[in-house]
Amino acid sequence: MDVLLAILGQFGLYGLLTVGIAVIFAATRVVNLAQGDLAMCGAYAAATLTGAPFGTRTLIALVAGVPVLLLVERLLLRGAVLDGLAAMLVTWGLGMALRQGAELVFTGTARTVAVPVEGTVDVLGSPYPAYRLVCALTASAVVVLVLVLARRTGWGLTLRAVADNPDMAAVLGTDPRRLRTLAFVAGGLLAVLAGTLYSPVLAVSPGMGFNLLVPVFFGLLLSRPGALGTAAGAALFVSALSVLLRTWLSDTLAEALFYAVVVAIAALRSRPWIGRFSAWFRRPSPAAAGAA
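Residues numbered from 1 in each chain as written. Predicted model: local features only at pLDDT ≥ 70, side-chain atom pairs only at ≥ 80, totals over all residues. Heavy atoms only, no water.

Visitor: Explanation requested: the environment of Leu-71 in the structure shown.
Guide: Following the sequence through the fold, Leu-71 ends up in helix α3 (residues 54-77). Considering only alpha carbons, one finds Leu-71 and Thr-181, 110 residues apart in sequence, at a separation of 9.7 Å. (Helix = DSSP H or I, 4+ residues; strand = E, 2+ residues; numbered from the N terminus.)

Laid out in structure tokens, this is it:
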């Protein structure tokens, strides 16, 4: 049970970050390499605004993030979005600027955030820290909500249409600029929320964003563009792999093997025969085809 709860907790963090970066990639075809550093900003908001309740700090971080993300998208990304490499370099530079700015203001010393919910709860006979459980359930609920919105609303339909064929979506009346702005802000806010929620269980430091970006980036590699459900599934896989390896092996060996396994899977996924194999499973059955 402890392992399952640890996987759930890790999934909440990776799920928010991976689904957020997948939303941005679906609309813009830009890999936001500043996603982890946006989470770092949310964590520092929770670490510095100690005079306010934790929920208020989370709300302040999200509200303050909206105009910042709007400015970044309109001033830095709007002209570079047609060039994927240039846009990715812009987000890389943004992440570096955020890290350096945090180190300049807060120094490189790690900070801790007081846990807003103390004590433990009994989960099927296993004691577990109460806030870790609240945090994991809250983050997982937000991920599920985003998936439902992407699947059941007009915004989600438009996002999938742009991800599949942006030119055709524009012909049918979709405003690509507006959707790109909305997607970048929404995806960035998911990262800020992840950093704020998980700040009491992580060491808050300027370099934490880069450490978070690596497994999230691998989760994006394992998912399909525009399919947020596969992004969430990839985040769950990465979370389970990370927790299980750290349970069975030492931290150093687990980290090395984690990267080796995920890189190997990402490399295999790009093979043509893998695509044909997965497409074979997606074919409708003869009975279903006949009924149609």
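Still more to cover.
Visitor: So what exactly am I meant to see when it comes to the pattern of salt bridges here?
Guide: Side chains bearing opposite charge may pair, as long as their charged atoms lie close to each other. Within this structure, the stated rule accounts for one salt bridge. Residues Arg-99 and Asp-37 are paired through a salt bridge, measuring 2.8 Å at the closest nitrogen-oxygen approach. Remark: Asp-37 occurs in helix α2 (residues 35-48) and Arg-99 occurs in helix α4 (residues 84-106); sequence separation between them is 62 residues. What makes Asp-37 buried here is its relative accessible area of 1%. (Salt bridge = Lys/Arg side-chain N within 4 Å of Asp/Glu carboxyl O. Buried < 20%, exposed > 50% of the residue type's maximum accessible area, 1.4 Å probe, protein only.)

Visitor: Explanation requested: helix α10 (residues 228-248) in the structure shown.
Guide: In an α-helix there are 3.6 residues to a turn, and that puts residues three or four apart on one side. In this model α10 runs 30 Å from its N-terminal to its C-terminal C-alpha over 21 residues, within 8% of the 30 Å that 1.5 Å per residue would give. Turning to α10, its buried residues number three or more, namely Leu-228, Ala-231, Ala-232, Ala-234, Ala-235, Val-238, Ser-239, Ala-240, Leu-241, Ser-242, Val-243 and Leu-245. (Expected span 1.5 Å × (residues − 1).)

Visitor: How should I be thinking about unusual backbone geometry in this particular structure?
Guide: Trans is the prevailing form of peptide bonds, just as negative phi is the prevailing case for residues other than glycine. Although it is not a glycine, Thr-107 adopts a positive phi angle of roughly 65°. Classification of Thr-107 by relative accessible area gives partly exposed; the value is 40%.

Visitor: Honestly, helix α5 (residues 130-152) in this entry has me stumped. Any pointers?
Guide: The end-to-end C-alpha distance of α5, which contains 23 residues, comes to 32 Å, matching closely the 33 Å that a straight helix rising 1.5 Å per residue would cover. By the burial criterion, the buried members of α5 are Ala-130, Tyr-131, Leu-133, Cys-135, Ala-136, Ala-139, Ser-140, Val-143, Val-146 and Ala-150.

Visitor: How should I be thinking about the packing of aromatic side chains in this particular structure?
Guide: We describe a pair of aromatic rings using the distance from one ring centre to the other and the angle between the two ring planes. Per the stated rule, a full pass over the model turns up three aromatic pairs. With 4.3 Å between their ring centres and 10° between their planes, Tyr-44 and Phe-106 make a pair best called stacked. Of this pair, Tyr-44 sits in helix α2 while Phe-106 sits in helix α4, placing them 62 residues apart in sequence. With relative accessibility at 21%, the residue Phe-106 sits in the partly exposed group. Ring geometry for Phe-54 versus Tyr-131: centroids 5.9 Å apart, planes at 80°, classification edge-to-face. (Phe/Tyr/Trp six-rings, centres within 6.5 Å; stacked < 30°, edge-to-face > 60°.)

Visitor: Looking at this structure, I do not really get the nonpolar core. What am I missing?
Guide: A general trend in soluble globular proteins is that nonpolar side chains are found buried together. Counting 73 residues, the largest nonpolar core has Leu-16, Leu-17 and Leu-197 as its most contacted members. At 13 residues, the largest contribution of residues to this core is made by helix α1 (residues 2-28). (Core = buried A, V, L, I, M, F, W, Y, C linked by side-chain atoms within 4.5 Å.)

Visitor: Got a minute to help me understand the side chain of Thr-18 in this structure?
Guide: As for its position among the elements, Thr-18 is in helix α1. Setting aside residues no more than four positions away along its own chain, Thr-18 makes contact with Val-216, Gly-219, Leu-220, Ala-231 and Ala-235. (Contact = heavy atoms within 4.5 Å.)

Visitor: Explanation requested: the packing of α1 against helix α9 (residues 208-221) in the structure shown.
Guide: Helices that pack against each other are described as a pair by the angle of their axes relative to one another and the distance between those axes. In contact at an axis separation of 9 Å, α1 and α9 are set at 60° when each is read in the N-to-C sense. Classified by the angle their axes make, α1 and α9 are oblique. For the pair α1 and α9, the crossing hand works out as right-handed. Counting all contacts with α1, which are made through Leu-13, Tyr-14, Leu-17, Thr-18, Ile-21 and Ala-22, the residues of α9 involved are Leu-212, Pro-215, Val-216, Gly-219 and Leu-220. Here the residues of the contact of α1 with α9 are counted per class, giving nine nonpolar, two polar and no charged. (Axes fitted to C-alpha atoms, helices over the stretch in contact; angles between N-to-C directions. Parallel < 35°, antiparallel > 145°, perpendicular 65-115°, else oblique. Left-handed = near helix turned anticlockwise from the far one by under 90°. Nonpolar A, V, L, I, M, F, W, Y, C, P; charged D, E, K, R; others polar.)

Visitor: Please clarify how the environment of Phe-184 should be interpreted in this entry.
Guide: Mapping Phe-184 onto the fold places it in helix α8 (residues 176-198). For Phe-184, a relative accessible area of 2% corresponds to the buried category. Considering only alpha carbons, one finds Phe-184 and Thr-28, 156 residues apart in sequence, at a separation of 8.2 Å. Dropping the residues within four chain positions of it, Phe-184 is found in contact with Ile-24, Asn-32, Leu-69, Val-72, Glu-73 and Leu-77.

Visitor: Quick question: what am I supposed to make of the pairing of strand β2 (residues 126-129) here?
Guide: One face of the sheet, then the other: side chains in a regular strand alternate in exactly this way. Burial along β2 is one-sided: Ser-126 and Tyr-128 are buried, and none of Pro-127 and Pro-129, which face the opposite way, are. Summarising the sheet, strand β1 (residues 120-123) and β2 pair through four bridges and their orientation is antiparallel. Across the sheet, residue Val-123 finds its bridge partner in β2, namely Ser-126. Between β1 and β2, which follow one another and run antiparallel, lie two residues, and Leu-124 among them has a positive phi close to 50°. (Pairing = 2+ DSSP bridges.)

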